[in-house]
Amino acid sequence: MEINSDQTNIASPRPASDATQDKRVMEGRRSFFLWLIAIGTAAMGTLLAVPLVRYVLYPVFAKTTSVSWSDLGQENQYASLSSPVRKIVKIEQVDGWREAISRKPVYITKGKRNGSLDGTEVLTAVCPHLGCEVPWNATENKFMCPCHGSQFGPDGSLIRGPALRGMDTLPIKAEKDDLMVRYEYFQALLPYKKEVG
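Residues numbered from 1 in each chain as written. Predicted model: local features only at pLDDT ≥ 70, side-chain atom pairs only at ≥ 80, totals over all residues. Heavy atoms only, no water.

K.L.:
Sorry if this is basic, but what is going on with the overall build of the protein chain here?
P.N.:
The helix and strand inventory of the protein chain stands at two helices and eleven strands. Taken from N to C terminus, the helices and strands of the protein chain fall in the order α-α-β-β-β-β-β-β-β-β-β-β-β. Counting every position in the protein chain, which comprises 197 residues, the buried fraction comes to 27%. Contacts spanning at least 24 positions in sequence make up 49% of the contacts within the protein chain whose residues lie at least 6 apart. (Helix = DSSP H or I, 4+ residues; strand = E, 2+ residues; numbered from the N terminus. Buried < 20%, exposed > 50% of the residue type's maximum accessible area, 1.4 Å probe, protein only. Contact = heavy atoms within 4.5 Å.)

Following this line, the structure appears as structure tokens:
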């Protein structure tokens, strides 16, 4: 009988328990590295997502800044008013990402309504009927709305409709001898003053 030389050099097979143990070790190392990569990827994804989430959700949680106080000049220059004086106020407001800067007309006049300061009040030039700008008519000595004909006295009190209330007064304060006003928006078509916002 002839013996094949190739068969004599073949190593004897290892026992099955050694092979399965080596396979478990390799699988254990692979799964450890796979878990390590997965955890690292999740951590990096989370770290990169935080600024994106903050950017997207910022307007939802950001508070609208209140409208800043505007300077109307020296308080003593309005002590002897004979008729309303028109001034333009600058309004700055930040809302989310948007910064709004606008200019609105107001009238400084004499009056004793709620919100006056030593007999001086500041009126918004917006008609409380439908929001048209109301100019002062010096020849008629009253405010006259060009849109629907509402008329208001020199202190902003209602003379004739269709407006249901007089012109709206704005909050004012004296600061270092300057008259300051905070512009506000009011709801139209109501018989009482109601701030919007």
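K.L.:
Just to check I follow, could you spell out the sheet that holds strand β8 (residues 158–160) for this structure?
P.N.:
Hydrogen bonds between backbone groups are what pair the strands of a sheet, and the pairing can be parallel or antiparallel. Ordered in space as β5-β6-β7-β8, the four strands form an open sheet in which the pairing is antiparallel. The open sheet terminates on both sides in strands that have one partner only, identified here as β5 (136–137) and β8. As defined by bridge partners, β5 adjoins strand β6 (residues 142–144) across two bridges and the pair is classed as antiparallel. Paired with N137 across the strands is K142, a residue of β6. (Pairing = 2+ DSSP bridges.)

K.L.:
Explanation requested: the packing of aromatic side chains in the structure shown.
P.N.:
Pairs of aromatic rings are described using the distance from one ring centre to the other and the angle between the two planes. Tallied over the full model, the rule gives four aromatic pairs. Here the aromatic rings of W136 and F143 are separated by 4.9 Å at their centres, their planes lie at 70°, and the arrangement is edge-to-face. Accessibility classification places W136 together with F143 in one group, the buried group. With a centroid separation of 5.2 Å and an interplanar angle of 75°, the aromatic rings of Y183 and Y185 are classed as edge-to-face. Residue class for Y183 comes out buried when judged on its relative accessible area of 3%. (Phe/Tyr/Trp six-rings, centres within 6.5 Å; stacked < 30°, edge-to-face > 60°.)

K.L.:
Looking at this model, I keep getting lost on the nonpolar core. Mind explaining?
P.N.:
Grouped burial of nonpolar side chains is what soluble globular proteins tend to show. In terms of nonpolar packing, the biggest core is built from 15 residues, with L72 and V122 touching the most fellow members. Elements represented by at least two residues in this core include exactly β2 (85–95), β3 (98–110) and β11 (178–182). C132, V134, F143 and F152 belong to the second-largest nonpolar core, a separate cluster that totals twelve residues. (Core = buried A, V, L, I, M, F, W, Y, C linked by side-chain atoms within 4.5 Å.)

K.L.:
Whenever I open this one, the state of the cysteines confuses me. Can you help?
P.N.:
A covalent bond bridging the sulfur atoms of two cysteines is what the word disulfide describes. Throughout the structure, instances matching the rule amount to one disulfide. No disulfide involves C127; its sulfur sits 3.9 Å from that of C145, the nearest cysteine. Residue classification places C127 among the buried positions, given a relative accessible area of 2%. (Disulfide = S-S within 2.5 Å.)

K.L.:
I would appreciate a short explanation of the environment of V89 in the present structure.
P.N.:
Note on placement: V89 falls in strand β2. For V89 and S70, which are 19 residues apart along the polypeptide, the C-alpha to C-alpha distance reads 6.1 Å.

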